[in-house]
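Here are the chains, one letter per residue:
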Amino acid sequence: MGDECYTTQLIDRDGVFNVEGLEQFVKAVRLAELGLSYAVVSIMGPQSSGKSTLLNHLFGTNFKEMDAFKGRDQITKGIWIAKGVGIEPFTIVMDTEGTDARERGEDNTAFEKQSALFALAISDIVLINMWCHDIGREHAANRPLLKTVFQVMMRLFSPRKTKLLFVIRDQTKTPMELLKPVLMEDIQKIWDTVYKPQAHRQTALSEFFSVEVTALSSYEEKEEQFKAQVALLRRRFFHSIAPGGLAGDRRGVIPASGFSFSAQQIWKSIRENKDLDLPAHRVMVATIRCEQIANEKLSHLACDKDWLELEAAVQSGPVSGFGRKLGSIIDAYLSEYDMETMYFDEGVRTTKRQQLESRILHLVHPAFQAMLGHLHSKALNKFRSDLEQSLKSGKGFAASVRDCSQSSLLEFDEGFADHSHHLSDVAIKHVNWDASKVREKLHHDIEAHAMSVRDAKLSELRDSYQKQVTEALAEPIESLFDAPEQDSWPLIRKLYKCETVNALSRFANSLSGFELDQATCDKMMAELKDYAKSLVEKKAREEAGKVLIHMKDRFSSIFSYDKYSMPRVWTGKEDIRTLTKEAHAAALKVLSVMAAIRLDDKQDNIESILNSTLMDGLDYRKSLEAAADPLASSTWEEFSVGRFGDGSKKKPSIPSSKQLLHRKLTGTVTGGCLLHG
């Protein structure tokens with residue numbers, strides 16, 4: 001039986017605490033797993049009074065016992081502990097050094113008080129081993145011991161309610177019912193004479209101790225009877241901490257996982273001659289142990305396989321059920337903490353739990369942020385895809401943006417908050433982390449993408465309508481200018497107005513789906529209108545650059561072909577002068593058509609000026625000497641510099657053709673008469 005008790009010296013005779021030995025004992029007996037389901041039993045008494053023998057028979061321990069044949073020297077030195085064998089609940093048995101050991105000499109009193117205080121501070125049940133013949137004696141061996149116990153008890157602030165079980169050894173024939181009152185009277189007398197602080201002057205013994213008395217026969221003389229009595233006493237230690245048990249009314253119990261640290265700190269305080277404030281000590285032990293357990297849980301979480309796999313997965317992409325998986329991992333470690341700290345001071349364990357939870361959340365927050373990033377990307381990609389499909393279906397741009405934006409933001413919200421249905425939930429129940437900044441960024445990115453697509457679509461739309469206008473105007477205008485006639489500009493104006501109005505109407509209808517502000521819409525409409533006008537002007541300038549070719553072609557057509565457009569057959573009877581004059585006049589009409597841009601209906605006298613200047617029989621060279629030469633100006637009188645007849649700001653109208661004609665007719669350009677041959 002002794003092999004199962006893990007006997008360990010806790011404190012040696014010099015007062016040195018065996019920290020390593022206690023830790024090995026705690027680990028070997030798995031003490032930390034017991035919570036409050038354990039008891040501590042210690043024994044005090046004179047040297048060689050059979051304390052170790054009693055404990056070994058009561059609890060199946062193997063403390064070293066005195067050999068009567070070798071004398072009554074001190075056997076137990078210091079303080080020893082062992083596990084009670086076959087006892088429920090788990091019981092730590094503590095054997096102490098005799099209180100009157102002559103081997104210690106003058107040091108006896110100091111160590112005696114220290115060990116007594118230590119036993120009272122950590123024990124639920126203290127056995128007081130005393131000789132039967134000392135009961136009622138003024139100078140009995142147990143009196144100094146009891147005085148010591150009561151004195152050191154005063155150093156415990158708000159002490160534990162300790163069971164004092166007086167074990168009367170070597171009981172005589174005197175009946176127990178006679179011995180007990182005498183012993184109780186002795187105990188009370190000693191209690192009354194012990195110095196007490198002011199706060200405890202009137203405190204009854206029962207406030208500090210619960211006293212019981214039992215008696216045993218002599219082990220040496222009546223061994224079998226002794227063993228039978230011990231067997232009966234042993235039963236009292238079963239369920240000792242249950243209500244009604246030997247220690248059923250104990251209080252201020254240190255949870256088993258804190259026992260080792262608590263014992264070390266108590267002995268340290270005792271050796272430093274400090275009073276033991278047990279409530280404060282319990283808080284201190286709870287603080288240290290809860291923090292140790294919290295650190296352990298955080299350390300284990302950081303290396304947890306499931307957490308590491310989840311952390312790695314979320315770095316590479318979204319994880320289905322992220323919030324639930326992470327919440328489950330956190331729950332597991334918080335539950336372990338709760339289980340291991342449930343018996344410590346509630347205020348301390350709650351505070352340390354909050355700190356642990358905060359540290360865990362700090363550890364997992366980067367993964368949460370990564371998951372939010374994936375959720376943001378998914379929602380943004382959804383918006384892009386949905387917008388593209390919506391626009392392809394013909395839905396208006398603004399309506400598409402509104403619907404797709406709302407749908408994507410809803411997906412983000414549901415993905416963040418939903419714990420029961422959504423596959424990519426992000427939020428965890430342990431903390432109300434705010435996703436508003438990421439949601440705000442998503443909203444901004446959606447708007448930025450929508451603006452980018454809008455600008456591209458508007459650019460495409462503008463280009464499309466400009467192309468339509470070009471197709472509607474460019475070729476017909478070129479055809480009209482290929483054979484300029486008197487009605488060319490009226491036809492061009494009609495064509496320009498009709499096509500521009502149609503294009504602007506269709507353009508306005510196309511723009512309505514974008515729901516642009518009025519200023520932007522007006523600007524784009526004006527730009528298309530200006531484009532149409534500039535196109536007409538461009539074509540007019542291009543054709544004006546070829547005016548001499550057109551004039552020559554017209555001159556040749558009139559001069560060389562008859563009214564049926566057939567080549568003339570020259571007989572010598574033709575009136576060459578008249579034909580030349582007609583051809584010349586026709587060529588000048590071409591020039592008058594090409595000489596200015598006429599996008600309004602305003603009448604001008606360009607043709608008459610040209611005819612009067614170039615067709616009259618006056619010598620043109622003499623006219624050059626006049627003060628006002630109509631062909632020498634860079635503009636026509638009806639078209640002021642920098643403006644055309646329609647009022648829009650433009651460059652002067654075709655000055656190059658007019659000046660070229662002027663140079664041709666004044667001989668400054670070689671080649672003879674402009675329209676000749």
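Residues numbered from 1 in each chain as written. Predicted model: local features only at pLDDT ≥ 70, side-chain atom pairs only at ≥ 80, totals over all residues. Heavy atoms only, no water.

Asks: Please provide a residue-by-residue account of the nonpolar core, values included.
Replies: Core analysis: the biggest nonpolar cluster contains 156 residues, and Tyr38, Phe118, Phe150 and Phe209 have the highest contact counts within it. In terms of residue count, helix 12 (residues 346-392) provides more of this core than any other element does, 15 residues in total. Other than its neighbours up to four places away in sequence, Phe118 contacts Leu10, Ile11, Phe17, Ile79, Met94, Ala263, Ile266, Trp267 and Ile270. One finds Ile43, Ile87, Val93 and Leu216 within the second-largest nonpolar core, a separate group that totals 23 residues. (Core = buried A, V, L, I, M, F, W, Y, C linked by side-chain atoms within 4.5 Å. Buried < 20%, exposed > 50% of the residue type's maximum accessible area, 1.4 Å probe, protein only. Helix = DSSP H or I, 4+ residues; strand = E, 2+ residues; numbered from the N terminus. Contact = heavy atoms within 4.5 Å.)

Asks: Outline unusual backbone geometry, listing residues and values.
Replies: A cis geometry characterises the amide bond from Glu88 onward to Pro89, with omega recorded as 5°. At Tyr6, a position not held by glycine, the phi torsion is positive, near 50°. Assignment of secondary structure puts Tyr6 in the segment before strand 1 (8-11). Phi is positive for His239, which is not a glycine, with a value near 55°. Here His239 is to be found in the loop between helix 7 (223-235) and helix 8 (259-271).

Asks: Lay out the confidence of the model for the protein with the relevant residues and their values.
Replies: Mean pLDDT for the protein: 82, with 84% of residues reaching 70 or above. The low-confidence segment residues 68-74, where pLDDT is below 50, has 16 contacts with residues more than four positions distant or belonging to other chains. Confidence drops under pLDDT 50 across residues 640-677; counting only partners more than four residues distant or on other chains, this segment forms 84 contacts. (pLDDT = per-residue confidence, 0-100.)

Asks: A description of the environment of Asp434 should follow, citing residues and the corresponding values.
Replies: Counting through the fold element by element, Asp434 comes out in the loop between helix 13 (397-417) and helix 14 (436-482). Asp434 sits in the exposed class, given a relative accessible area of 57%. It is 10.0 Å that separates the C-alpha atoms of Asp434 and Phe416, two residues lying 18 residues apart in sequence. Of the polar contacts made by the side chain of Asp434, one reaches the side chain of Ser436; its length is 2.6 Å. (Polar contact = N/O pair within 3.5 Å; in protein donor to acceptor, adjacent residues only side chain to side chain.)

Asks: Talk me through the pairing of strand 4 (residues 90-96); I want residue IDs and the actual numbers.
Replies: Here is the key point about a regular strand: its side chains alternate between the two faces of the sheet. Within strand 4, seven of the seven residues are buried, leaving the element largely enclosed by the surrounding structure. Neither face of strand 4 is open: one carries Phe90, Ile92, Met94 and Thr96, the other Thr91, Val93 and Asp95, and all of them are buried. Relative to strand 4, strand 2 (residues 38-44) runs parallel, the two sharing six bridges. Paired with Val41 across the bridge in strand 4 is Val93. Where strand 3 (residues 79-83) meets strand 4, five bridges bridge the pair, whose relative direction is antiparallel. (Pairing = 2+ DSSP bridges.)

Asks: Tell me what's going on with the packing of helix 14 against helix 15 (residues 488-512), and back it up with residues and numbers.
Replies: When two helices pack together, their arrangement is given by the angle between the helix axes and by the axis-to-axis distance. Running from N to C, helix 14 and helix 15 cross one another at 165°; their axes reach a closest spacing of 10 Å. By the angle between their axes, helix 14 is roughly antiparallel relative to helix 15. The handedness of the crossing between helix 14 and helix 15 is right-handed. Contacts between helix 14 and helix 15 involve Leu458, Leu461, Arg462, Tyr465, Gln468, Val469, Ala472, Leu473, Pro476, Ile477, Leu480 and Phe481 on the former and, on the latter, Ser488, Trp489, Leu491, Ile492, Leu495, Tyr496, Glu499, Ala503, Arg506, Phe507, Ser510 and Leu511. (Axes fitted to C-alpha atoms, helices over the stretch in contact; angles between N-to-C directions. Parallel < 35°, antiparallel > 145°, perpendicular 65-115°, else oblique. Left-handed = near helix turned anticlockwise from the far one by under 90°.)

Asks: So, the pattern of salt bridges: which residues are in play, and what are the values?
Replies: For the structure on display, the rule yields 25 salt bridges. One salt bridge connects Lys392 with Glu388, and the closest N-O pair in it is separated by 3.4 Å. Of this pair, Lys392 and Glu388 are both found in helix 12, four residues apart, which corresponds to roughly one turn of the helix. Taking the relative accessible area as the measure of exposure, Glu388 reaches 45% and is therefore partly exposed. Residue Arg554 is joined to Glu485 by a salt bridge in which the shortest nitrogen-to-oxygen separation is 3.3 Å. (Salt bridge = Lys/Arg side-chain N within 4 Å of Asp/Glu carboxyl O.)

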